[in-house]
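# Working through the structure, step by step
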Amino acid sequence: MKFAYRFSNLLGAVYRQGNLNFSKDGNAVISPVGNRISIFDLKNNTSETLPISTTKNITCVGISPNGNLAIVVDEDGAALLVSLVTRAILHHFHFHKPVHSISFSPDGRKFVVTKENVALMYHAPGKQREFNAFVLDKSYYGPYDETTCIDWTTDSKCFAVGSKDMSTWVFGAERWANLIYYSLGGHKDVIVGCFFEKDSLDLYTVSQDGTLCIWESDTEPDGLVLSKKQLQREEQEEDEEEEEEGMEGREGEVIRGKAHTQKDKKHNKNVRYKQASKHFFNKEGDFNNLTAAAFHKPTHILVTGFASGIFHLHELPEFNLIHSLSISDQRIASVAINSSGDWIGFGCSRMGQLLVWEWQSESYVFKQQGHFNNMASLAYSPDGQYIATGGDDGKVKVWNTNSGLCFVTFTEHSSSVSQVTFTSSGMVVVSASLDGTVRAFDLHRYRNFRTFTSPRPAQFSSLAVDVSGELVSAGAQDSFEIFLWSMQTGRLLEVLGGHEGPVSSLCFSPVQSVLASASWDKTVRLWDMLDSWQVKETLALTSDGLAVTYRPDGEELAVATLNGEISFWSPQSAAQTGSVSGRHDLELGRKETDKVTAKQTAKGKSFTCLCYSADGEAILAGGQSKFVCIYNVKEQMLMKKFEISCNLSFDAMEEFLDRRKMTEFGSLALVDDGAGDGEGVNISLPGVRKGDMSSRHFKPEIRVSSLRFSPTGRSWAATSTEGLLVYSLDGSMVFDPYDLDLDVTPESIHKQLRLKEWTSAIVLAFRLNERALKQEVIETVPHDQIGVVCGSLPDIYVEKLLGFIASCLETSGHLQFYMSWAQSLLMLHGQKLKNRSGAILPTLQALQKAIQRHYDSLSKLCDFNKYNIRYAVALSKQRGVKRAAEEVEGEEEEEDEDDMSEERSEASLEEAEMIL
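Just so we're clear, the structure is a prediction, and the values are computed from it rather than from any experiment.

## Considering the overall build of the chain
Looking only at helices and strands, the chain features 11 helices and 58 strands. Classification of the 916 residues of the chain by burial places 51% in the buried group. Taking the intrachain contacts of the chain between residues at least 6 apart in sequence as the baseline, contacts between residues at least 24 apart amount to 49%. Surface summary for the chain: the accessible area is close to 44600 Å², and the carbon and sulfur share equals 49%.

Take a look at the structure:
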């Protein structure tokens, strides 16, 4: 169970290329990220990456109408049939050519795939209860160039295919007598989208130069007539069905069907289209390519995205502009609309950006963006709730580990961020950059409140913050010095000199004020922060030092060197306690341009990042390889290797070169085709410039730049070329018994529960170690018996129960019940647990993380309710004052009326007296 970590989630990348899709209920976006699929739940604000991967980057995804199946196709045409319910791969298939688009019919019975200039229609899998996936039904030929888009009619009778030859073809899904195929022209550029009107054969086509053509059909969908062969086939199927059901009534039905079709054939005429109107985007002359389009049939809304990052919303067929907005300065690669038509999803491949826009309220529902370039570093917060990452794009991002979403981005750095770390409070992120600054960011106010600089400009490549959070140190790679600042005042305290090479890594001891620094001068120096910043010890290495890290208890030091070794040292005695030779475990791949084999290349490679596990028993190591190795420190042996990626779109993935790519002039990989997004180098006529002349294809090399173990011990994360990969303990491994005996069975546990022997039932459940059974036993214990049970529990089971309570608190809604368990265990066994604090630290941090998460969510809810109640009280008071004021005014008016009546009566008496 200790090393049963599996891929859990992919953070730091939300979209790369391919088409976006919404789930059936419209509440989740399904986005391709490299060779994986991520699902972003917009209602619950969570993200999930499916545990499946293709061999190359995904180009298109098709979702079945019921939302249960997805067909995922990569760059080479390899397809996976995936169940979105069980998250499992159901079938493998290969189309042997790159696929441009894929679409299921609305009734879910067929799906169409376009590759090259052919449209292939397959029977959808799983509809007839037997599983026979991907059976080819028909092949449709017509376009002379590559196909680009597909759309179905609402009744699934026909589909349209757009092509790069500027034509759109309408095909019948069945063998119709009056519609075999129909070709539509009228455009002067590549067709980006074709869309049928709802319950009609009318068609809209959109081309890359910003032209919309509206085509009207002279036939309704009900006017399509089956051909003779198809009719005979259907009649045979009907006859077979009727023979099974019984003979009565069969002749009359068949004759009526024949008479009906013969009558229709006399009046039958072929389907014809005419161009009703033609509209143009970009009337102002700001020419840019239309790159993506989507149409929502029930609301008649057309969404178009452009290469400049602008998108338009039009109402069809009147072509009324609803609104236009710029969401990015990069090309919009994909557009999708959810089932209700309220939300629109946009994907920008260059920025790695995914947006969901609610057009009626004109607000963002979802806005996420990964690092523009590679990630360079990561750090866990002390409670494991957040991960901070720094990238080559100069940004520092903070991610929530529960939701998998980024909630703040700091852009103050002007160059690559080389290292990030949290302070012990967890509310400050410190980052070092090659721009010569170290910055501290406050997670309460989301601002850069400290900027540390050196007297002379220096590029900082390493960073460390001490346990108190007061001392900040950074190592320079050009001046070979270490700089120390005070977090409180922001002043430079000391410049530590002595290294004769670039400082590659820094690490503070978790228990003492001692700083360890590894350098290319083949030494690790230990600096005493309390004794005038003097060198306490100098550890001589056999090769250049690349990474240094302390064990969580501070009793051991691990150093990775250039010769591929990991050496272990005792900081107290400055003696080496062991070493691991990991060069053969790296298993490097061969680059496409390498002249030597992968075996020869591996001789010059080494681990560049190290990280101890939360309990200090194992160490993670990674470098310029697709593998992360986990070693047992005590036994000094390899325990497990994790393959970070199997994506062949990256370089240095294969051990041997593909001989099919080798020619007499060299490797075909050296041939540069320009940018692959349709905007590359394309000079068609003299004097006409189009696209970016500097755009180039390149294959990024796979590497692991940083590794960190979660303080809770439940997961670890790695920054790689793919993004931020999170691996967590496999929850499906339920049977992991402890001190098992023949008498330990579920029956004996239930017997103890019936006898109300709570303590023995808990002990037996933990010996059997099945999660469901443990939860049942704990939740059966009465609330008033929790203290008694905790007091009588054997010491060996206290830590196990505390860890289980921490894991239950993560997901359970019984907060007070489990909090009572945690409080009783800590109050009764606190002193014994304190004596073993180093060993149980991950368990305590997992408990703290769960409590903190519930505290944050509940405090927000309570504040919201408190302010609502205050508002309601203030409103009622205001209404009461208003009502009282109205009553006073009413009384005053009555008094005024009485006075007036008295004055009138007096005046009338005076008048009467005068008359008399």
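After that view, the rundown keeps rolling.
## As for the packing of helix H6 (residues 758-768) against helix H9 (residues 795-811)
Packing of H6 against H9 brings their axes to within 11 Å, and their N-to-C directions diverge by 75°. As far as their axial angle goes, H9 and H6 are roughly perpendicular. Contact residues: Val763, Phe766 and Arg767 in H6; Tyr797, Lys800, Leu801 and Phe804 in H9. Along the lines of polarity and charge, the residues of the contact of H6 with H9 split into 5 nonpolar, no polar and 2 charged.

## A short note on the sheet that holds strand S40 (residues 482-486)
In spatial order, the strands read S38-S39-S40-S41; together these 4 strands make up an open sheet with antiparallel pairing. Each edge of the open sheet carries a strand with a single partner, namely strand S38 (460-465) and strand S41 (492-496). This sheet shows a mean twist of 20° between the axes of neighbouring strands, independent of strand direction. Across 5 bridges, the pairing between S38 and strand S39 (residues 471-476) is antiparallel.

## As for the environment of Cys213
Here Cys213 is to be found in strand S20 (residues 211-217). Here Cys213 falls in the buried class, since its relative accessible area comes to 0%. C-alpha separation for the pair Cys213 and His187, spaced 26 residues apart in sequence, amounts to 7.9 Å. Other than its neighbours up to four places away in sequence, Cys213 contacts Gly186, His187, Leu203, Tyr204, Thr205, Gln275, Ser277 and Lys278.

## Considerations on the sheet that holds strand S4 (residues 36-41)
With respect to topology, 4 strands assemble into an open sheet ordered S2-S3-S4-S5, the strand pairing being antiparallel. Of all strands in the sheet, those with a lone pairing partner are strand S2 (21-22) and strand S5 (46-49), marking the two edges. As judged from the 4 bridges shared by S4 and S5, these two strands associate in the antiparallel manner. Counted as the bridge partner of Asp41 is Thr46 from S5.

## Some details on the pairing of S41
Two elements, S40 and S41, share 4 bridges in a ladder whose sense is antiparallel. Across the sheet, the residue bridging to Ile482 is Leu496, located in S41. What sits between S40 and S41 in their antiparallel hairpin is a turn of 5 residues, with Gly490 showing a positive phi close to 80°.

## Some remarks on the pattern of salt bridges
Tallied over the entire structure, the rule returns 14 salt bridges. With its nearest N and O atoms 3.9 Å apart, the salt bridge here joins Glu722 to Arg36. Residue Glu722 is found in the loop between strand S57 (715-720) and strand S58 (724-729), and its partner Arg36 is found in strand S4; the two are separated by 686 residues along the sequence. Arg36 matches Glu722 in its accessibility class, with the two residues each being buried. A salt bridge links Glu146 to Lys164; the shortest N-O distance between them is 3.2 Å. Of this pair, Glu146 sits in the loop between strand S13 (135-141) and strand S14 (147-152) while Lys164 sits in the loop between strand S15 (158-163) and strand S16 (168-172), and the two are 18 residues apart along the sequence. Overall, Lys164 belongs to the partly exposed group, its relative accessible area being 38%. One connected set of salt bridges, linked through shared partners, spans Lys110, Asp137 and Lys138.

## Focus on a negative patch on the surface
A surface patch of like charges, here negative, comprises Asp107, Asp155, Asp199, Glu220 and Asp222. In this fold, Asp107 is placed in the loop between strand S10 (99-104) and strand S11 (110-115).

## Description of the packing of aromatic side chains
Per the stated rule, a full pass over the model turns up 39 aromatic pairs. Measuring from ring centre to ring centre gives 5.9 Å for Phe7 and Tyr727, while their planes differ by 80°; the resulting arrangement is edge-to-face. Here Phe7 is found in strand S1 (residues 5-11), whereas its partner Tyr727 is found in strand S58, with 720 residues between them in sequence. Plain terms: the ring middles of Trp169 and Tyr181 are 5.7 Å apart, the flat faces sit at 40° to each other, and that makes the pair tilted. In this pair, Trp169 is assigned in strand S16 and Tyr181 in strand S17 (residues 181-184), connecting sequence segments 12 residues apart. In textbook terms, an aromatic cluster arises when at least three aromatic residues are bridged by ring pairs, as seen for Phe93, Phe95, Phe104, Phe111, Tyr122 and Phe134. The cationic tip of Arg36 hangs over the ring face of Phe7; the distance from NZ or CZ to the ring centre is 4.0 Å. The ring of Phe627 has Lys641 lying over it, and the distance from NZ or CZ to the ring centre is 4.4 Å.

## Structural notes on the packing of helix H5 (residues 746-754) against helix H7 (residues 771-780)
Where H5 meets H7, the closest approach of the two axes is 11 Å, and the angle between their N-to-C directions is 5°. Viewed along their axes, H5 and H7 adopt a mutual orientation that is roughly parallel. Across the interface between the two elements, Pro746, Ile749, His750 and Leu753 from H5 touch Leu773, Glu776, Val777 and Thr780 from H7. For the contact of H5 with H7, the per-class residue count stands at 5 nonpolar, 2 polar and 1 charged.

## Some remarks on H7
Within an α-helix, residues lying three or four positions from one another point in the same direction, as the helix has 3.6 residues per turn. Where H7 is concerned, the buried positions are Leu773, Lys774, Val777 and Ile778. Projection of H7 onto a plane perpendicular to its axis shows the buried side chains occupying an angular sector of 130°, all on one side. Contacts made by the buried residues of H7 are with H5, H6, H9 and helix H10 (815-835).

## Comments concerning the state of the cysteines
Here, disulfide denotes a covalent bond that connects the sulfur atoms of two cysteines. Enumeration according to the criterion identifies 0 disulfides in this entry. Here Cys507 stays unpaired: no disulfide links it, and the sulfur of Cys611, its closest cysteine neighbor, is 9.8 Å away. Given a relative accessible area of 15%, Cys507 falls into the buried group.

Cut-offs applied
- Residues numbered from 1 in each chain as written.
- Predicted model: local features only at pLDDT ≥ 70, side-chain atom pairs only at ≥ 80, totals over all residues.
- Heavy atoms only, no water.
- Helix = DSSP H or I, 4+ residues; strand = E, 2+ residues; numbered from the N terminus.
- Buried < 20%, exposed > 50% of the residue type's maximum accessible area, 1.4 Å probe, protein only.
- Contact = heavy atoms within 4.5 Å.
- Areas by Shrake-Rupley, 256 points an atom, 1.4 Å probe, with all protein chains shown as cover.
- Axes fitted to C-alpha atoms, helices over the stretch in contact; angles between N-to-C directions.
- Parallel < 35°, antiparallel > 145°, perpendicular 65-115°, else oblique.
- Nonpolar A, V, L, I, M, F, W, Y, C, P; charged D, E, K, R; others polar.
- Pairing = 2+ DSSP bridges.
- Salt bridge = Lys/Arg side-chain N within 4 Å of Asp/Glu carboxyl O.
- Patch = residues over 30% accessible without salt bridge, like charges linked within 9 Å, V, L, I, M, F, W, Y side chains within 5 Å.
- Lys, Arg positive; Asp, Glu negative; His and termini not counted.
- Charge placed at Lys NZ, Arg CZ, Asp CG, Glu CD.
- Phe/Tyr/Trp six-rings, centres within 6.5 Å; stacked < 30°, edge-to-face > 60°.
- Lys NZ or Arg CZ within 6 Å of the ring centre and 35° of its normal.
- Arc of directions from axis to C-beta.
- Disulfide = S-S within 2.5 Å.

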